[in-house]
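These are the residues of each chain, in order.
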Amino acid sequence: MRVIAGTARSIPLIAPEGNDTRPTTDRIKETLFNILQNDIAGSVFIDVFAGSGAMGIEALSRGSKRAYFIDNAKAAIASITANVKKCRFEDRSEIVKGEAAFAVERILSRLPGGERLIIFMDPPYDKGLETAVLSALGRFGRLSDEDIIILETSLYAPKEPIEEAGFEIIREKKYKNQKHLFLKRV
């Protein structure tokens, strides 16, 4: 696992030990960031269920002005911290240990208006953990049509929690074992 492009290109990243984290492969990460290439510069990237922090670090490397990393696992926080330091992004990063929905609400409430947000969620598959985060995002009044919300999920995840939280799927990119859903508030 490495940074694909940008100022930290080719820097190897570490993932937390064990089976609790499922890092996004370099190929899938590259595909996603090719889709986002015109939206990254100057954005604020929020990496929810961050694991190794690879997605937020890739965003910083490609021009995001700030990234927030959220995870509740001690091993994940240690990996994110080490990876951010290795890439020298400490001044543009904030690492938050805690429950995802609460952390997202806290971060969003502190951000000034007018910044493009990219919120990327990669929760453990088929456990419904994204539901609370989507509900928190649905309650947050500042999301605009310019903000991008991406959910990485298994191919067969139900869409009802997305709709119940007040979002619709505007784009779907399928891979071999997972998909990225691009969401917009209804």
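Residues numbered from 1 in each chain as written. Predicted model: local features only at pLDDT ≥ 70, side-chain atom pairs only at ≥ 80, totals over all residues. Heavy atoms only, no water.

Regarding the packing of helix α1 (residues 26-36) against helix α2 (residues 54-61)
As a reminder, the rule being used: Axis definition: a line fit to C-alpha positions, over the contact stretch in the case of helices; interaxial angles, taken between N-to-C directions, run 0 to 180 degrees. Put simply, DSSP H or I for four residues or longer makes a helix, DSSP E for two residues or longer makes a strand, and each gets a number counted from the N terminus. Angles below 35 degrees are treated as roughly parallel, those above 145 as roughly antiparallel, those between 65 and 115 as roughly perpendicular, and all remaining angles as oblique. A crossing counts as left-handed when the near helix is turned anticlockwise from the far one by less than a right angle, and as right-handed when that turn is clockwise. Residue contacts follow a heavy-atom distance rule, with two residues in contact if any of their heavy atoms lie within 4.5 Å. Residues are grouped as follows: Ala, Val, Leu, Ile, Met, Phe, Trp, Tyr, Cys and Pro are nonpolar; Asp, Glu, Lys and Arg are charged; every other residue, Gly included, is polar.
In contact at an axis separation of 11 Å, α1 and α2 are set at 45° when each is read in the N-to-C sense. By the criterion of interaxial angle, the relationship of α1 to α2 is oblique. Crossing hand, α1 versus α2: right-handed. Of α2, the residues touching α1 (which contributes Lys29, Leu32 and Phe33) are Ala54, Met55, Glu58 and Ala59. Partitioned by chemical class, the residues of the contact of α1 with α2 number 5 nonpolar, no polar and 2 charged.

Examining the nonpolar core
Going by this rule: For our purposes a nonpolar core is just a set of buried Ala, Val, Leu, Ile, Met, Phe, Trp, Tyr and Cys residues, chained together by side-chain atoms within 4.5 Å. A simple rule labels every residue: compare its accessible area, found with a 1.4 Å probe on the protein chains alone, to the largest value its type can have, and call it buried under 20%, exposed over 50%, or partly exposed in between.
Formed by 30 residues in total, the largest nonpolar core has its most connected members in Ile46, Val48, Ile70, Met121, Val133, Leu137 and Phe167. Sorting the residues of this core by element identifies β1 (44-48), β2 (66-71), α4 (100-110), β4 (117-121), α5 (130-139), β5 (148-154) and β7 (178-185) as the ones contributing at least two each. Counting residues per element, this core draws most heavily on α4, which supplies 6 residues. Not counting the four nearest positions on each side in its chain, phenylalanine 167 is found in contact with Leu134, Leu137, Gly138, Leu143, Ile149, Ile162, Leu183, Lys184, Arg185 and Val186. Leu32, Ile40, Leu60 and Phe182 belong to the second largest nonpolar core, which has 25 residues in total.

Focus: the pattern of salt bridges
Heads up, the rule is: Counted as salt bridges are all cases of a side-chain nitrogen of Lys or Arg within 4 Å of a carboxyl oxygen of Asp or Glu.
Counted according to the given criterion, the structure contains 13 salt bridges. A salt bridge links aspartate 26 to arginine 2; the shortest N-O distance between them is 3.7 Å. Of this pair, aspartate 26 sits in helix α1 while arginine 2 is found in the segment before α1, placing the two residues 24 residues apart along the sequence. Among the charged side chains, a network of salt bridges with common partners joins Arg2, Asp26, Lys29, Glu58 and Arg62.

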